[in-house]
Amino acid sequence: MEVYEALRTRRTVRQFKPDPVPDEALNKVLQAARWAPSSRNEQPWRLVVVRDREKLRAIGETARTGGFIADAPVAVALVMDHADQPRMDGGRALQQMELMAWSEGMGTCFVTLPPDQESRIKELLDIPPDLDLVTVLPFGYRPDDFRSRGVPRKPLAEMVHFERFGNRAPSRV
Ligand SMILES: Cc1cc2nc3c(=O)[nH]c(=O)nc-3n(C[C@H](O)[C@H](O)[C@H](O)COP(=O)(O)O)c2cc1C
């Protein structure tokens, strides 16, 4: 069980090697989403796999903070039907895919899609209007020297309160 190692080392990756992602590796990532927990086990996820270069380019041009999608060998659009707890369920499936991809030597980057960008990408992928497009998650093998913006974390002492909010007694964890 090396979950902690994957959790600790995972970084957001915005550069990808051009190598294709084999079906077996992609399947593991999709399975990771499938096994995510969801409220009332609704399993409200729909996953649109995109490998078509033109579509990836068009998505990268549309997603203002996700231009790198254009350079990814594959991306998965996370589409949700009406979930009891859409944010929780969506986040869980995404995190599982990101960790699975990381453990396979790949990298991913969660991309924020404001409503105008979301609707354009929905049209591009023929996603029905009544479903929500949460994000498009690009995948690819990570270069050894990929640039990470995200390593620093606040110390636990800034996040954790003991027994009551505001009690910052020294942590034993
Ligand atoms: C909800 C959410 C939205 C994000 N949106 C974007 C985005 O639009 N573009 C981007 O480059 N990174 C995006 N990120 C990646 C974060 O910037 C990154 O996870 C954070 O800086 C921590 O870095 P790390 O994942 O390498 O530890 C997003 C992450 C989350 C969780």
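Residues numbered from 1 in each chain as written. Predicted model: local features only at pLDDT ≥ 70, side-chain atom pairs only at ≥ 80, totals over all residues.

Draft legend 1. Examining the environment of G91 more closely. Following the sequence through the fold, G91 ends up in helix α4 (residues 86-103). Taking the C-alpha atoms as reference, G91 lies 12 Å from V79; in sequence the two are twelve residues apart. (Helix = DSSP H or I, 4+ residues; strand = E, 2+ residues; numbered from the N terminus.)

Draft legend 2. Structural view of the packing of helix α2 (residues 23-34) against α4. Between α2 and α4, the least distance of the axes is 8 Å, while the angle of their chain directions is 150°. Relative to α4, the element α2 is oriented roughly antiparallel. Where α2 crosses over α4, the handedness of that crossing is right-handed. For the pair formed by α2 and α4, the contact residues are K28, V29, A32 and A33 on the first element and A93, Q96, M97, M100 and A101 on the second. Looking at the contact of α2 with α4 residue by residue, the classes come out as seven nonpolar, one polar and one charged. (Axes fitted to C-alpha atoms, helices over the stretch in contact; angles between N-to-C directions. Parallel < 35°, antiparallel > 145°, perpendicular 65-115°, else oblique. Left-handed = near helix turned anticlockwise from the far one by under 90°. Contact = placed C-beta atoms within 7 Å. Nonpolar A, V, L, I, M, F, W, Y, C, P; charged D, E, K, R; others polar.)

Draft legend 3. The pairing of strand β2 (residues 74-80), seen in detail. Burial within β2 is extensive, with six of its seven residues counted as buried. Pairing geometry for strand β1 (residues 45-50) and β2, over six bridges, is antiparallel. The residue bridging W45 from the neighbouring strand is M80, located in β2. Relative to strand β4 (residues 132-141), β2 runs antiparallel, the two being bridged by seven bridges. By the bridge assignment for β4, A77 is matched with V136. (Buried ≥ 20, exposed ≤ 12 C-beta atoms within 10 Å, placed from the backbone. Pairing = 2+ DSSP bridges.)

Draft legend 4. Representation of the packing of helix α3 (residues 53-62) against helix α5 (residues 115-124). One way to put it is that α3 packs onto α5 with a least axis distance of 10 Å and a crossing angle of 170°. Taken together, α3 and α5 sit at an angle that is classed as roughly antiparallel. Residue-level inspection shows K55, A58, I59 and T62 of α3 in contact with α5, the latter providing Q117, R120, I121 and L124.

Draft legend 5. Layout of the site of the ligand. Close contacts around the ligand come from R11, T12, R14, T65, G66, C109, F110, V111, T112, S148, R149 and G150, and that covers them all. In terms of residue class, the shell around the ligand is built from three nonpolar, six polar and three charged. (Near = placed C-beta within 6 Å.)

Draft legend 6. Spatial organisation of the pairing of β4. In terms of residue burial, β4 counts as a mostly covered element, since eight of its ten residues are buried. Inspection of the sheet shows strand β3 (residues 106-108) paired to β4 by three bridges, in the antiparallel sense. In the strand pairing of β4, G107 is matched with G140.

Draft legend 7. Region of the structure containing the nonpolar core. Within the largest apolar cluster, 35 residues are counted, with the highest numbers of intra-cluster contacts made by A75, L78, M97, V136 and F139. No other element matches the six residues that β2 contributes to this core. When residues no more than four places from it in sequence are discounted, the contact partners of V136 are I59, A63, G66, I69, A75, A77, V111 and I121. (Core = buried A, V, L, I, M, F, W, Y, C linked by C-beta atoms within 7 Å.)

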